[in-house]
Amino acid sequence: MKLVVAASVLAILPLLSLAAPAPAARQEIAHLISYLTTSGCSFQRNGSWHDAAQAAKHLQRKYDYLLKRDLVASSEDFIARAATESSLSGKPYQVRCGGNAPVASVAWLKAELAKYRGARPSR
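Residues numbered from 1 in each chain as written. Predicted model: local features only at pLDDT ≥ 70, side-chain atom pairs only at ≥ 80, totals over all residues. Heavy atoms only, no water.

Looking at an unreviewed UniProt entry, one finds the protein named DUF5329 domain-containing protein, with Massilia aurea as its source organism.

As structure tokens, then:
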């Protein structure tokens, strides 16, 4: 009997991490998409550069798709599953701001997420 219970718990654990994001995570993800929209930066996906508004719309569509499938439980999930690389080609996304060299979108978004979290009042 203990073996059956243990097996059941192990089978359920991966599903628990696929719950919908908590309100704080939804707020962080909304901030990241808004930050990209207003950044004035260019966003590269699949070898083509796009303006920030187009890039934000693309990431919003990917986020909506993942939400419908309960595949985003945190801001880190959003970055990893929607904003790091192309789902089609697997090529990493890049962000270029002004005359600066392009950086990986994962690093750019994680840096902004850390700033955003650091600016929020402690609970």
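Participant: I'm lost on the side chain of Glu28 in this one. Help?
Facilitator: Mapped onto the fold, Glu28 is located in helix 2 (residues 23-38). Classification of Glu28 by relative accessible area gives buried; the value is 7%. When residues no more than four places from it in sequence are discounted, the contact partners of Glu28 are Ser75, Leu113, Tyr116, Arg117 and Arg120. (Helix = DSSP H or I, 4+ residues; strand = E, 2+ residues; numbered from the N terminus. Buried < 20%, exposed > 50% of the residue type's maximum accessible area, 1.4 Å probe, protein only. Contact = heavy atoms within 4.5 Å.)

Participant: Help me understand the pattern of salt bridges, please; the structure alone is not making it clear to me.
Facilitator: Any two side chains of opposite charge can pair, on the condition that their charged atoms come close. Summed over the entire model, instances satisfying the criterion amount to four salt bridges. Glu28 serves as the salt-bridge partner of Arg117, at 2.9 Å between the closest nitrogen and oxygen. With Arg117 in helix 5 (residues 105-119) and Glu28 in helix 2, this residue pair connects regions lying 89 residues apart in the sequence. Given a relative accessible area of 36%, Arg117 falls into the partly exposed group. (Salt bridge = Lys/Arg side-chain N within 4 Å of Asp/Glu carboxyl O.)

Participant: Can you help me understand the state of the cysteines in this one?
Facilitator: When the sulfur atoms of two cysteines share a covalent bond, that bond is a disulfide. The final tally for this structure, using the stated rule, is one disulfide. Disulfide pairing is shown between Cys41 and Cys97; the S-S distance is 1.9 Å. Across the disulfide from Cys41 to Cys97, rotation about the S-S bond amounts to roughly 100 degrees, and the bridge is consequently right-handed. Linking Cys41 in the loop between helix 2 and strand 1 (42-45) with Cys97 in the loop between strand 3 (94-96) and strand 4 (103-104), this pair joins segments that are 56 residues apart in sequence. (Disulfide = S-S within 2.5 Å.)

Participant: What am I meant to see in helix 5 here?
Facilitator: Because each turn of an α-helix spans 3.6 residues, side chains separated by three or four positions end up pointing in the same direction. End to end, helix 5 covers 21 Å across 15 residues, agreeing with the expected 21 Å (1.5 Å per residue, within 8%). Listed as buried for helix 5 are Ser105, Trp108, Leu109, Glu112, Leu113 and Tyr116. Each buried residue of helix 5 sits inside an arc of 130 degrees when the element is viewed along its axis, so together they form one side. Those residues of helix 5 that are exposed and aimed more than 90 degrees away from the buried face are Lys115 and Gly118. (Expected span 1.5 Å × (residues − 1). Arc of directions from axis to C-beta.)

Participant: Just to check I follow, could you spell out the sheet that holds strand 2 (residues 48-51) for this structure?
Facilitator: Across a sheet, paired strands are connected by hydrogen bonds in the backbone, their directions being either parallel or antiparallel. Spatially, the four strands line up as an open sheet ordered 2-1-3-4, and their pairing is antiparallel. Sheet topology places strand 2 and strand 4 at the edges, where each strand pairs with a single neighbour. Contacts from helix 3 (residues 52-68) reach strand 1 and strand 2 within the one sheet, and its direction differs from that of strand 2 by about 95 degrees. (Pairing = 2+ DSSP bridges. Axes fitted to C-alpha atoms, helices over the stretch in contact; angles between N-to-C directions.)

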